[in-house]
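Listed below, chain by chain, are the residues.
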Amino acid sequence: MNPQAKLIFISSLLLGTTIVISSNHWITAWAGLEINTLAILPLISKSHHPRAIEAATKYFLTQATASALLLFSSMTNAWHTGQWDITQMTHPTSCLILTSALAMKLGLVPFHFWFPEVLQGSPLITGLLLSTAMKLPPITLLYMTAQSLNPTVLTGMAILSAALGGWMGLNQTQVRKILAFSSISHLGWMAIVLVYNPKLTLLNFYLYTLMTAAIFLTLNSTNTTKLSTLMTSWTKAPALSAMLMLTLLSLAGLPPLTGFLPKWLIIQELTKQEMTPAATIIALLSLLGLFFYLRLAYCATITLPPHSTNHMKQWHTNKPIPSSIAILTVLSTTLLPLSPMISPTI
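Only a predicted model underlies this, so the values are computations on that prediction, with no experimental measurement involved.

(A) Layout of the overall build of the chain. When helices and strands are tallied, the chain shows 16 helices and zero strands. Taken over the C-alpha trace, the chain has a radius of gyration of 20 Å; the compact-globule value for 346 residues is 20 Å, and the two agree within 12%. In terms of overall dimensions, the chain has C-alpha extents of about 70 × 50 × 35 Å along its principal axes. Sorting the 346 residues of the chain into buried and exposed places 53% on the buried side. The contacts of the chain with a sequence gap of at least 6 include a subset with a gap of at least 24, amounting to 78%. Surface exposure of the chain reaches about 15000 Å², of which carbon and sulfur atoms provide 70%.

Structure, rendered in structure tokens:
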């Protein structure tokens, strides 16, 4: 892709996200979301492969539908209350339509079908943007309207997302699809606590972004998209593969790694809100996710020769590990001791 074009698309993504985050009015938020959608489409379809074109088309159709629903919910609210302010979303029907629209934007169950397909058709770096940066504007809107949303609907969606995200990721062989289902189950954790403690949702999102960025950049540097190639990538960069294993286990939420922190705080908050059954169910459902993270970690690091793959081993490269991956990996594995500093502020 032309560097100038790429610069324009990345600048538009930043602009769209900034507009959504800083807006008070529903129309400006909607405009920011539209700029974001239009800016990411060329980045998805830049390879001109039929699967990439299909992914871009699916992404465009779902995001356009979600934007229309968002506009409809804000207009319905304005019709009933005379308010266009984002924080003044008070009409119950508008809140329900808004929840559906933002769930579709994010890929929450039952509006999740597009996400694994789109991620599978995108390059790894675009996949990283779709899993992290493109989720920030809808999560910001959920954060701003949290007090108006229906807790029962969100809890139901959250538990279904954690269940389906874990369950459907079990038999995948494509790494991008596994990461897509991982993203869906993490969104479940963010949604379940949104009404009770929105700051916790944001904390979970930030830490999820850290860990996912580390994984995507590692996979991109070893050029890995399937489990079979992941099995032989350890010969190329052994240190990177070892750190990938730790980052995957952190994403699974195992102590004493960073990923345990948001899960621990969310379960604590749900117990405070007397939602112990929901906390128990979502904690058990995270075991499904743990299985496929362990599978990825096993393929990345623990499978040593002699093993049964028929692939040629890759050349060992003495290329230094990029500093961005090193920093992200360290943050993805060592932030748990900061929890005493974070807990009082949440």
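Once the structure has been displayed, the description carries forward.
(B) Geometry of the pattern of salt bridges. This model, assessed by the stated rule, comprises three salt bridges. A salt bridge links Lys-177 to Glu-117, with the nearest nitrogen and oxygen atoms 3.5 Å apart. Of this pair, Lys-177 sits in helix α9 (residues 175-192) while Glu-117 sits in helix α5 (residues 114-121), placing them 60 residues apart in sequence. Salt bridges linked by common partners bring Glu-54, Lys-58, Glu-117 and Lys-177 together as one network.

(C) Structural context of the domain arrangement of the chain. Each assigned domain of the chain is listed with its residue range as follows: domain 1 (1-123) and domain 2 (150-307 + 319-345). Taking only C-alpha atoms, the centre of domain 1 and the centre of domain 2 are 24 Å apart. Tallying the contact residues gives 17 residues for domain 1 and 19 residues for domain 2. Taking both partners together, domain 1 and domain 2 bury about 1500 Å²; carbon and sulfur atoms supply 75% of that area. On the domain 1 side of the interface with domain 2, the three residues burying the most area are Leu-108, Val-109 and Gln-120, jointly 38% of the side's total. If you look at where domain 1 meets domain 2, you find one salt bridge. Between the two partners, domain 1 and domain 2, sit four residue pairs in polar contact (both at pLDDT 80 or more). Contributing elements (two or more residues each) for the side of domain 1 that touches domain 2: α4 (92-106) and α5. Here the side of domain 1 that touches domain 2 takes five residues from α5, the largest share from any one element. The residue inventory of the side of domain 1 that touches domain 2, partitioned by class, reads 11 nonpolar, five polar and one charged.

(D) Spotlight on the packing of α9 against helix α14 (residues 276-302). For the pair α9 and α14, the least separation of the axes is 11 Å and the interaxial angle reads 160°. It follows that α9 is roughly antiparallel to α14 by the angle criterion. In this structure, α9 crosses over α14, and the sense of that crossing is left-handed. Where α9 abuts α14, its residues Val-175, Ile-178, Ser-182, His-186, Gly-188, Trp-189 and Ile-192 lie against Ala-278, Ile-282, Ala-283, Ser-286, Phe-292, Tyr-293 and Leu-296. The residue inventory of the contact of α9 with α14, partitioned by class, reads 10 nonpolar, four polar and no charged.

(E) Spatial organisation of the packing of helix α6 (residues 124-131) against helix α10 (residues 198-222). Relative orientation of the contacting elements α6 and α10 amounts to 170°, with a least axis distance of 9 Å. In terms of orientation, α6 and α10 fall into the roughly antiparallel class. Residues Leu-124, Ile-125, Gly-127, Leu-128 and Ser-131 of α6 pack against Tyr-208, Thr-212, Ala-213, Phe-216, Leu-217, Leu-219 and Asn-220 of α10. Of the residues belonging to the contact of α6 with α10, the class tally is eight nonpolar, four polar and no charged.

(F) Structural view of α10. When the terminal C-alpha atoms of α10 are compared, their 36 Å separation across 25 residues agrees well with the 36 Å that a helix rising 1.5 Å per residue should span. Burial of α10 is extensive: 19 of the 25 residues sit out of reach of the surface. Of the residues flanking the end of α10, it is Asn-223, one or two places downstream, whose phi is positive at about 55°.

(G) Focus on the nonpolar core. One finds Tyr-59, Leu-130 and Leu-141 to be the most contacted residues of the largest nonpolar core, which totals 99 residues. Broken down by element, this core gets its largest block of residues, 14 residues, from α10. When residues are assigned to domains, this core turns out to be shared by domain 1 (1-123) and domain 2 (150-307 + 319-345), each giving three or more. Non-local contacts of Leu-130, meaning those with residues more than four positions away in its chain, are made with Ile-40, Ile-44, Tyr-59, Phe-115, Val-118, Leu-119, Ser-122 and Lys-135.

(H) Here's a closer look at unusual backbone geometry. At the junction of Val-109 and Pro-110, the peptide bond is cis and its omega measures out at 10° in the coordinates. Inspection of the secondary structure puts Pro-110 in the loop between α4 and α5. Residues Pro-255 and Pro-256 are joined by a peptide bond in cis, for which omega reads 5°. Tracing the backbone shows Pro-256 in the loop between α12 (238-252) and α13 (260-272). Of note in this structure, His-48 is not a glycine but carries a positive phi near 60°. On the secondary structure map, His-48 appears in the loop between α2 (26-44) and α3 (50-81).

Thresholds applied
- Residues numbered from 1 in each chain as written.
- Predicted model: local features only at pLDDT ≥ 70, side-chain atom pairs only at ≥ 80, totals over all residues.
- Heavy atoms only, no water.
- Helix = DSSP H or I, 4+ residues; strand = E, 2+ residues; numbered from the N terminus.
- Rg over C-alpha atoms; globule rule 2.2 N^0.38 Å.
- Buried < 20%, exposed > 50% of the residue type's maximum accessible area, 1.4 Å probe, protein only.
- Contact = heavy atoms within 4.5 Å.
- Areas by Shrake-Rupley, 256 points an atom, 1.4 Å probe, with all protein chains shown as cover.
- Salt bridge = Lys/Arg side-chain N within 4 Å of Asp/Glu carboxyl O.
- Domains from an automatic or database assignment.
- Buried area = accessible area lost by both parts, 1.4 Å probe.
- Polar contact = N/O pair within 3.5 Å; in protein donor to acceptor, adjacent residues only side chain to side chain.
- Nonpolar A, V, L, I, M, F, W, Y, C, P; charged D, E, K, R; others polar.
- Axes fitted to C-alpha atoms, helices over the stretch in contact; angles between N-to-C directions.
- Parallel < 35°, antiparallel > 145°, perpendicular 65-115°, else oblique.
- Left-handed = near helix turned anticlockwise from the far one by under 90°.
- Expected span 1.5 Å × (residues − 1).
- Core = buried A, V, L, I, M, F, W, Y, C linked by side-chain atoms within 4.5 Å.

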